[in-house]
Amino acid sequence: MNLETFFNEHPSVAIAFSGGCDSSYLLYQASQYATDVHAYYMNTAFQPAFELEDAQRFCAQYHIPLTVLSLNVCQNPDVVRNDSLRCYYCKQEIFSNILAAAQKDGYTTLLDGTNASDNATDRPGMRALAELQVYSPLRLCNLTKTQIRQHSKELGLFTHDKPAYACLATRIPVNTPIEQADLERVEECEKILFSLNFTDFRVRIFHNAARIQLPSKQFSQAIEQYQTITSLFRPYFDTVLLDLVPRDN
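These numbers come from a predicted model, not from an experiment. (Residues numbered from 1 in each chain as written. Predicted model: local features only at pLDDT ≥ 70, side-chain atom pairs only at ≥ 80, totals over all residues. Heavy atoms only, no water.)

A.B. asks: How would you sum up a nonpolar patch on the surface? Please name residues and give values.
C.D. replies: Side chains of Met1, Tyr135 and Leu140 sit close together on the surface and give an oily, nonpolar patch of about 310 Å² of accessible area. Along the chain, Leu140 turns up in helix 7 (residues 137–140). (Patch = residues over 30% accessible without salt bridge, like charges linked within 9 Å, V, L, I, M, F, W, Y side chains within 5 Å. Areas by Shrake-Rupley, 256 points an atom, 1.4 Å probe, with all protein chains shown as cover. Salt bridge = Lys/Arg side-chain N within 4 Å of Asp/Glu carboxyl O. Helix = DSSP H or I, 4+ residues; strand = E, 2+ residues; numbered from the N terminus.)

Given below as structure tokens:
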């Protein structure tokens, strides 16, 4: 199966849209091959502000209808407990709410951007998608992350080289309860690194310190700017650490 075939068989679709590379490619292809497409973005404390901005920009550029929903995931005790099944509980709540909104608008088929490179055995959230009968066309069509980036580049999509950006909850150690204040300070510190031209990084909380993870090619930049980084991080963290295990390992 390819995407054209999939959308011929499913001409009216709702798409859970994150603004990332994968769901952007899926949404664009749906706009080309399906007859009725609607994007739904779920705004939570786990998503940084730039993700919503990218989603709105993409939909405006390609004239795709977008509904922005809001959900306070921090009110769900199963989510904030932050055990090994946090992603499962979170996906269940987010996609249940998107599905309800889509059905209210007349859509019975909900899609997401999971691709063939995503490891199902390591993603409890994919269990939630299966239970809710959410289709993952990129995975069904055996499209890998590398292929999606290449196809997106050929199509001129501005998301083609957008780094993968896992939700902010992943910055909190497993089995440490999630607090809104921790999510906010992590997001502020990641904004700082963006402003200093770092890319594809993470700021994780480690024993109340900020542990910065970077690709190896950005280590020298971090060393050169360490005084600036620690100074700008000071309102949020007293201790700033650089993880010497690179993100490209």
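A.B. asks: How would you sum up the side chain of His10? Please name residues and give values.
C.D. replies: Here His10 lies in the loop between helix 1 (3–9) and strand 1 (12–16). On the basis of relative accessibility, which here comes to 17%, the residue His10 falls in the buried class. Excluding anything up to four places from it in sequence, His10 contacts Ala34, Thr109 and Tyr135. (Buried < 20%, exposed > 50% of the residue type's maximum accessible area, 1.4 Å probe, protein only. Contact = heavy atoms within 4.5 Å.)

A.B. asks: Could you give an account of the sheet that holds strand 5 (residues 202–206), naming the residues involved and the relevant values?
C.D. replies: Strands sit in the order 5-6-7 across an open sheet of three strands; the sheet is mixed. The two strands at the open ends of the sheet, each matched to only one other strand, are strand 5 and strand 7 (240–242). Across the sheet, the axes of successive neighbouring strands diverge by a mean angle of 30 degrees, strand direction being ignored. Alignment of strand 6 (residues 209–213) against strand 7, held across three bridges, turns out to be parallel. From the neighbouring strand, Ile212 faces strand 7, where its bridge partner is Leu242. (Pairing = 2+ DSSP bridges. Axes fitted to C-alpha atoms, helices over the stretch in contact; angles between N-to-C directions.)

A.B. asks: Just give me the short version of the environment of Ala164, but keep the residues and values in it.
C.D. replies: When you line up the elements, Ala164 lands in the loop between helix 8 (145–155) and helix 9 (180–195). For Ala164, the residues in contact, after removing those within four places along its chain, are Arg149, Asp200 and Arg202.

A.B. asks: Could you give me a rundown of the sheet that holds strand 2 (residues 36–43), with the residues and numbers involved?
C.D. replies: Taken in spatial order, the four strands of this open sheet run 3-2-1-4, and their pairing is parallel. Strands at the two margins of the open sheet, each flanked by one partner only, are strand 3 (66–70) and strand 4 (110–111). Contacting strand 1, strand 2 and strand 4, helix 2 (residues 21–33) runs over the sheet at an angle of about 165 degrees to strand 1.

A.B. asks: Let's hear about the packing of aromatic side chains: which residues, and what values?
C.D. replies: On inspection of all chains with the given rule, the structure shows eleven aromatic pairs. Relative to Phe158, the ring of Phe58 has its centre 6.0 Å away and its plane inclined at 55 degrees; by these criteria the two rings are tilted. Taken together, the residues Phe58 in helix 3 (residues 49–61) and Phe158 in the loop between helix 8 and helix 9 connect sequence positions 100 residues apart. Neither Phe58 nor Phe158 differs from the other in exposure class; each is buried. The ring of Tyr88 carries the charged tip of Arg127 above its face, separated from the ring centre by 4.0 Å. Over the aromatic face of Tyr165 sits the side chain of Arg202, whose NZ or CZ is 5.6 Å from the ring centroid. (Phe/Tyr/Trp six-rings, centres within 6.5 Å; stacked < 30°, edge-to-face > 60°. Lys NZ or Arg CZ within 6 Å of the ring centre and 35° of its normal.)

A.B. asks: Got a sec to walk through unusual backbone geometry? Specific residues and values, please.
C.D. replies: Phi is positive for Asn82, which is not a glycine, with a value near 65 degrees. Position of Asn82 relative to the elements: it lies in the loop between helix 4 (77–80) and helix 5 (86–104). Here His207, not a glycine, exhibits a phi torsion of approximately 50 degrees, which is positive. Counting through the fold element by element, His207 comes out in the loop between strand 5 and strand 6. Here His207 falls in the exposed class, since its relative accessible area comes to 73%.

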